[in-house]
Amino acid sequence: MPTVISSFLHYMLPRKRAGEVEVEDDDHNTGSSLKKHRIGCLISSSATAGTTEPEKTNNSSKNNIINNNNEHSSSSVVPLTMALSNGNPPDIDEDLHSRQLAVYGRETMRRLFASNILISGIDGLGAEIAKNLILAGVKSVTLHDEAKVHMWDLSSNFIFSENDIGKNRALASVQKLQELNNTVIISTLTTKLTKEQLSGFQAVVFTDISFDKAIEFNDYCHNHQPSISFIKAEVRGLFGSIFCDFGPEFTVFDVDGEEPHTGIIASITNDSPALVSCVDDERLEFQDGDLVVFSEVHGMTELNDGKPRRIKTARPYSFTLDEDTTNFSRYEKGGIVTQVKQPKVLKFKPLREALKDPGDFLLSDFSKFDRPPLLHLAFQALDKFVSEVGRFPVAGSEEDAQKLVSIVNNINENLGDGRLEDINPKLLRSFAFGARAVLNPMAAMFGGIVGQEVVKACSGKFNPLYQFFYFDSVESLPTEPLDSSDFRPLNSRYDAQISVFGSKLQKKLEDAKVFIVGSGALGCELLKNVALMGVSCGSQGKLTITDDDVIEKSNLSRQFLFRDWNIGQAKSTVAASAAASINPRLNIEALQNRVGPETENVFHDAFWENLSIVINALDNVNARLYVDQRCLYFQKPLLESGTLGAKCNTQMVIPHLTENYGASRDPPEKQAPMCTVHSFPHNIDHCLTWARSEFEGLLEKTPAEVNAYLSNPSEYTSSMKNAGDAQARDTLERVRECLDRERCETFQDCITWARLKFEDYFVNRVKQLIYTFPEDATTSTGVPFWSAPKRFPHPLQFSSSDISHLHFVMSASILRAETFGIPVPDWVKNPKNLAEAVNKVIVPDFQPMKDAKIVTDEKATTLSTASIDDAAVINDLVIKLEQCRKSLPPEFKMKAIQFEKDDDTNYHMDLIAGLANMRARNYSIPEVDKLKAKFIAGRIIPAIATSTAMATGLVCLELYKVLDGSHKLEDYRNTFANLALPLFSMAEPVPPKVMKHRDMSWTVWDRWIIKGNPTLKELLQWLKEKGLNAYSISCGSCLLYNSMFPRHKERMDKKVVDLAREVAKLELPSYRCHLDVVVACEDDDDNDIDIPQISIYFR
């Protein structure tokens, strides 16, 4: 036992981030509510942070949960909660970074934690980049800027307020940026930058620098040993550019961030090339040329040597292997094939060379395939304009625009054979007019992209942008021509935006009535964007935001409007307050209501009708579909977006122009058959799904059923008798067991229960399974029963010296005690004491049942098997339950435990990980640490700040178009992006399907309205006049009229609203002025016609 204890001492040693000292109160009994005071995150005005040596991390123990290096005294006693770690030193705050860890993994996070970044130019773009990197948790960020804050900056920079005008931009940024993450060292440089100062950084970003200076700095970075990753990015009005140079040789360790693809082998031929067939429950994701390794192959064991082998030709369920297996042993059964991800080396050109020979540009919009070469010239011409004139072109100045066009033309003519045929003067005019402005949506979008490129530079995770990216959104400009006077500054915080869009659109933005649904990661970014844009900041404007959730610690790594002191508070209220501090003129109301049918008294007809636009910031499909239906019904524009790790998408839903969100659906996720999860798992996901199900059954559902029974025994048992099925029988059996044989009164009872659960789950059930289906069992067709993907299991042998066995018992007994209200003694966390208590438990011998029924049908939806005597068994159980109830203490009640994944002190994930890993051990499936278990069992959606920022920037570029009000379908853009690759794919939205009848046409956006409170007869006549013969009218799920029912003709003279009240029992509150009916119609030729919903106004 002492050896086991000492082996964990390495993992309980505290780890600190560089530059951080923790001062802790000596009183450890105060619990987690005690805040740690950090020293070392202090603000400085020098480059010391930038020159700090990268923190060295020790990865030698990366995947070892137990090591045998007995460095410490074996007499030390390590608490079991410390001992069962994630197999890694606790240097990452997993509560804070869990969603980011799901994207990057620990190794990338550690590299980020050791990275020092310089950002030069704290304009709106620089602020966005800094925000994203500080949230990601780099070691240090040094802000460089020699300029002062101007009113102009307030259009795009969320950090500055009017009180900061006149201050240095870098110094004015530090405090608010530091609040985002106090473990990141933030320092400033406010004087002229020299290239020698770059030597201490892993990556440098410039947002406002001339090409001459950029070339000088880039040459230094490119030739430095080791090379320093260099990024030049700028946003000029509705145009933006990025250049990346990560050095002469840059290694990408993981190109796409996806999990390696795998397949379960069904057969392998002795051939050249060998044909490998896999089970056909899932398509293979392999591609020609992929490298794969084999494991667990029976028979042809030569393939189990761990050597990567190349796929020659990949097919959906098989592939040919570039290998001669003619002389290999004959394949028998089993085997897993796994993709091997290969590092990739990129050779970047320095800016000096890349300007002349840019290579292929990264495209974002295929309707603009000729745009990047032109913008490559335009940005060089703008640099030359500024160097010659000493300023940017003036918005609305035709003279300045013409000068820029002339410079572009000169550069183009000097290209010789590589010159462009058309330099598009109209586009260049728009480029010149907005060149001085940094727009917030552009800064948000580019801040997301550049932030991700810095992460790539520091970690080697994901494929870098190679090397130029140009983007424009000229479609966002107002459709009507603007006079030069429209661009004139008004000495307001929106002057930069006005210089691009004019004052008329600015007024429309300010007077907009906007509804943002959700204030999580997307919601926070959107609120910041609209506040800076001035949306709903006028006397007529109003922004309503709603979210029924509260702030949790895990939100803080990307929901940047929240701070650690906001934990537990309402998201919408805190976010609204933070947005108002960005722009005090924002007229915002925060609600804590979920948007759905149950809150239509809050979000009533008048509320929806008064809106200009709806912006979704939701995290689930059902809520999106509901909001989509409301927008469809009230004909309101809906801007939709979503993220998944490094991926993001946006969809514009514009009345009468585009299809609605619900018009196209992703296919549902494939669910593993119930019998697979419960008896035949073949991957860790199956084990974790089973573990989550068992957790909820044992600790939530059964205690809840016990309480339901005890609160009203007669009513509860009557309902079970009435049901009389196998499910009712099983539920009663679980309740009786909980109150009788498995009832716990002391903590030792809880340990006994946990130990016997281990025996039941991982020993007895497996013994029963292999008794019923021995290893040589065959199916009715003679095929081996244990064929792929089934894995033959082996029972475990409990050992109190196995730390994972002991930890399972500890977490299970603690949670069992919680359900019974039994105090948990401190000694349970001492491995020696717990082992002694566990060893006292008497475990009965297992006797297999000859007639055990094990479900093997993959189509089965329940494990309960019906019996003809279910009713008799239920009656017997009711009698036994009554006897149990009489023996209970007065007021006895259990506590139902709801699964909470984000509290690492509650033992929920400890138990689920223990259940899953012991089951995985049964079936020889690779185990996972607690963090990976949390991702899968907790159904955590991977999320990072960069993709969120990009998505919301794109949404707000569309917001300009919607509020302008006169754009065509071809002006709008839906986007899918994957920052990992990187891939940007923009396209026009799909128009709605048009239905036609006679001279009428309509789409899903149309709703026919009848006023005057008509009778059923009048409604039918109204339709008849349109050449439509109604044969069925329904309201909700009730039929108001059907031509086949003679009695329905008696309803002809009744008002439709009265029929709805009488037949459909429809309650119409005072705020409802109409009801909706669905009418099925035919034309005169008996062809069904799908007509719009009909709204009948009765008030």
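Residues numbered from 1 in each chain as written. Predicted model: local features only at pLDDT ≥ 70, side-chain atom pairs only at ≥ 80, totals over all residues. Heavy atoms only, no water.

### Brief notes about the overall build of the protein
Phase 1 of the analysis: Summing up its helical and strand segments, the protein has 31 helices and 33 strands in all.
Phase 2 of the analysis: Along the three orthogonal principal directions, the C-alpha set of the protein runs to about 95 × 90 × 70 Å.
Phase 3 of the analysis: In the protein, the proportion of contacts linking residues at least 24 apart, taken out of those at least 6 apart, comes to 73%.
Phase 4 of the analysis: Carbon and sulfur atoms form 49% of the exposed surface of the protein, whose accessible area is close to 48200 Å². (Helix = DSSP H or I, 4+ residues; strand = E, 2+ residues; numbered from the N terminus. Contact = heavy atoms within 4.5 Å. Areas by Shrake-Rupley, 256 points an atom, 1.4 Å probe, with all protein chains shown as cover.)

### A word on the nonpolar core
As a rule of thumb, nonpolar side chains are buried together in soluble globular proteins.
Phase 1 of the analysis: Ranked by internal contacts, the top residues of the largest apolar core, which has 176 residues, are Ile242 and Ile516.
Phase 2 of the analysis: Here this core takes eleven residues from helix α29 (residues 945–964), the largest share from any one element.
Phase 3 of the analysis: Leave out the neighbours within four places in its chain, and Ile242 touches Ile231, Lys232, Ala233, Phe446, Ile449, Val450, Leu465, Gln467, Phe468 and Phe469.
Phase 4 of the analysis: Leu710, Cys750, Ala835 and Ala837 belong to the second-largest nonpolar core, a separate cluster that totals 78 residues. (Core = buried A, V, L, I, M, F, W, Y, C linked by side-chain atoms within 4.5 Å. Buried < 20%, exposed > 50% of the residue type's maximum accessible area, 1.4 Å probe, protein only.)

### Considering the confidence of the model for the protein
Phase 1 of the analysis: Chain-level statistics for the protein give a pLDDT mean of 90 and a share of 91% at 70 or above.
Phase 2 of the analysis: Every residue in residues 1–76 is under pLDDT 50, and counting partners more than four places away or in other chains gives 128 contacts.
Phase 3 of the analysis: Contacts from residues 82–90, a stretch scored under 50 in pLDDT, to residues over four places away or in other chains number 31 contacts. (pLDDT = per-residue confidence, 0-100.)

### Examining the packing of aromatic side chains
Phase 1 of the analysis: Evaluated as defined, the whole model comprises 47 aromatic pairs.
Phase 2 of the analysis: Each ring, one from Phe158 and one from Phe560, has its centre 5.3 Å from the other, and the planes form 75°; the classification is edge-to-face. Residue Phe158 is located in the loop between β4 (140–144) and α6 (169–180), and its partner Phe560 is located in the loop between β19 (542–546) and α16 (571–582); the two are separated by 402 residues in the primary sequence.
Phase 3 of the analysis: Arranged with centres 5.8 Å apart and planes meeting at 50°, the rings of Tyr761 and Phe762 form a pair that is tilted. Pair check on accessibility: Tyr761 and Phe762 agree, each one buried.
Phase 4 of the analysis: Over the ring of Phe560 we find Lys131, and its NZ or CZ is 5.1 Å from the ring centre.
Phase 5 of the analysis: In this structure, Arg1007 packs its charged tip against the face of Tyr633, placed 3.9 Å from the ring centre. (Phe/Tyr/Trp six-rings, centres within 6.5 Å; stacked < 30°, edge-to-face > 60°. Lys NZ or Arg CZ within 6 Å of the ring centre and 35° of its normal.)

### With respect to a negative patch on the surface
Phase 1 of the analysis: Where like charges cluster on the molecular surface, the negative patch consists of Asp280, Asp281, Glu282, Glu285, Asp857 and Glu858.
Phase 2 of the analysis: Note that Glu858 resides in the loop between α25 (831–839) and α26 (870–886). (Patch = residues over 30% accessible without salt bridge, like charges linked within 9 Å, V, L, I, M, F, W, Y side chains within 5 Å. Salt bridge = Lys/Arg side-chain N within 4 Å of Asp/Glu carboxyl O. Lys, Arg positive; Asp, Glu negative; His and termini not counted. Charge placed at Lys NZ, Arg CZ, Asp CG, Glu CD.)

### Some points on the sheet that holds strand β8 (residues 239–245)
Phase 1 of the analysis: In space, the seven strands of this open sheet follow the order β5-β4-β3-β6-β7-β8-β17, with mixed pairing throughout. For this open sheet the edge positions go to β5 (185–189) and β17 (468–472), each flanked by a neighbour on one side alone. Ignoring which end each strand starts from, the neighbouring axes of this sheet average 15° apart.
Phase 2 of the analysis: One ladder, built from four bridges, connects strand β3 (residues 116–120) with strand β6 (residues 203–206); its direction is parallel. Residue pairing across strands places Ile119 opposite Val205, the latter belonging to β6.
Phase 3 of the analysis: Lying over the sheet, helix α9 (residues 371–389) contacts β7 (229–236), β8 and β17, oriented at roughly 95° with respect to β17. (Pairing = 2+ DSSP bridges. Axes fitted to C-alpha atoms, helices over the stretch in contact; angles between N-to-C directions.)

### So, α25
Phase 1 of the analysis: Burial in α25 covers these residues: Pro831, Leu834, Ala835, Ala837 and Val838. Buried positions in α25, seen along its axis, are confined to an arc of 165° and lie on one side of it.
Phase 2 of the analysis: The opening residue of α25 is Asn830, an N-cap whose side-chain oxygen sits 2.9 Å from the backbone nitrogen of Lys832. (Arc of directions from axis to C-beta. Polar contact = N/O pair within 3.5 Å; in protein donor to acceptor, adjacent residues only side chain to side chain.)

### A look at the sheet that holds strand β23 (residues 647–653)
Phase 1 of the analysis: With respect to topology, eight strands assemble into an open sheet ordered β20-β19-β18-β21-β22-β23-β24-β25, the strand pairing being mixed. In this open sheet, the two strands that pair with only one neighbour each are β20 (588–591) and β25 (983–987). Across the sheet, the mean angle from the axis of one strand to that of its neighbour is 10°, orientation sign disregarded.
Phase 2 of the analysis: The sheet strands contacting α16 are β19 and β20, and the helix crosses β20 at an angle near 165°.

### Remarks on the pairing of β17
Phase 1 of the analysis: Judged by how many residues are buried, β17 sits mostly within the fold: five of five residues are covered.
Phase 2 of the analysis: Burial along β17 is two-sided: the face carrying Phe468, Tyr470 and Asp472 and the face carrying Phe469 and Phe471 are both buried.
Phase 3 of the analysis: Note: β8 against β17, five bridges, orientation antiparallel. Bridging across to β17, Phe239 finds its partner in Asp472.

### Comments concerning the side chain of His1048
Phase 1 of the analysis: Within the secondary structure, His1048 is located in the loop between β30 (1038–1042) and α31 (1056–1062).
Phase 2 of the analysis: A distance of 2.9 Å separates the side chain of His1048 from the backbone nitrogen of Asn1042, its partner in a polar contact.

### Here we look at a nonpolar patch on the surface
Phase 1 of the analysis: Judged by side-chain polarity, Phe976, Leu981 and Leu983 come together as a nonpolar surface patch covering roughly 220 Å² of accessible area.
Phase 2 of the analysis: Take Phe976: it is sitting in strand β24 (residues 974–978).
Phase 3 of the analysis: In this structure Phe976 comes out as partly exposed when scored by relative accessible area, which is 34%.

### Re the packing of helix α24 (residues 803–820) against helix α27 (residues 908–922)
Phase 1 of the analysis: Packing of α24 against α27 brings their axes to within 9 Å, and their N-to-C directions diverge by 140°. When the axes of α24 and α27 are compared, the pair comes out oblique. Considering the relative orientation of α24 and α27, their crossing is left-handed. Of the residues in α27, those touching α24 at Ser804, His805, His807, Phe808, Ser811, Ala812 and Leu815 are His908, Asp910, Leu911, Gly914, Leu915, Met918 and Arg921.
Phase 2 of the analysis: Residues of the contact of α24 with α27, tallied by class, amount to six nonpolar, six polar and two charged. (Parallel < 35°, antiparallel > 145°, perpendicular 65-115°, else oblique. Left-handed = near helix turned anticlockwise from the far one by under 90°. Nonpolar A, V, L, I, M, F, W, Y, C, P; charged D, E, K, R; others polar.)

### Observations concerning the pattern of salt bridges
Side chains that differ in charge, positive against negative, can pair when their charged atoms come close.
Phase 1 of the analysis: Scanning the entire structure with this criterion turns up 65 salt bridges.
Phase 2 of the analysis: One salt bridge connects Lys341 with Asp256, and the closest N-O pair in it is separated by 2.5 Å. With Lys341 in the loop between β15 (336–340) and β16 (344–346) and Asp256 in the loop between β9 (250–252) and β10 (262–268), this pair connects stretches of sequence that are 85 residues apart.
Phase 3 of the analysis: Asp256 gets classed as partly exposed once you look at its relative accessible area, which sits at 25%.
Phase 4 of the analysis: Put simply, Asp365, Lys368, Arg371, Asp472, Glu475 and Arg973 are held in one network by salt bridges that share partners.

### What to know about the pairing of strand β31 (residues 1074–1082)
Phase 1 of the analysis: Here strand β29 (residues 1029–1035) pairs with β31 via five bridges, running antiparallel. Following the sheet pairing, Ala1030 is matched in β31 by Cys1081.
Phase 2 of the analysis: Examined bridge by bridge, β31 and strand β33 (residues 1094–1097) share four bridges and lie antiparallel to one another. Paired with His1074 across the two strands is Tyr1097, which belongs to β33.
Phase 3 of the analysis: Pairing geometry for β31 and strand β32 (residues 1088–1089), over two bridges, is antiparallel. Counted as the bridge partner of Cys1081 is Ile1089 from β32.
Phase 4 of the analysis: Linkage of β31 to β32, two consecutive antiparallel strands, is achieved through a turn of five residues, within which Asp1086 is found at a positive phi near 65°.

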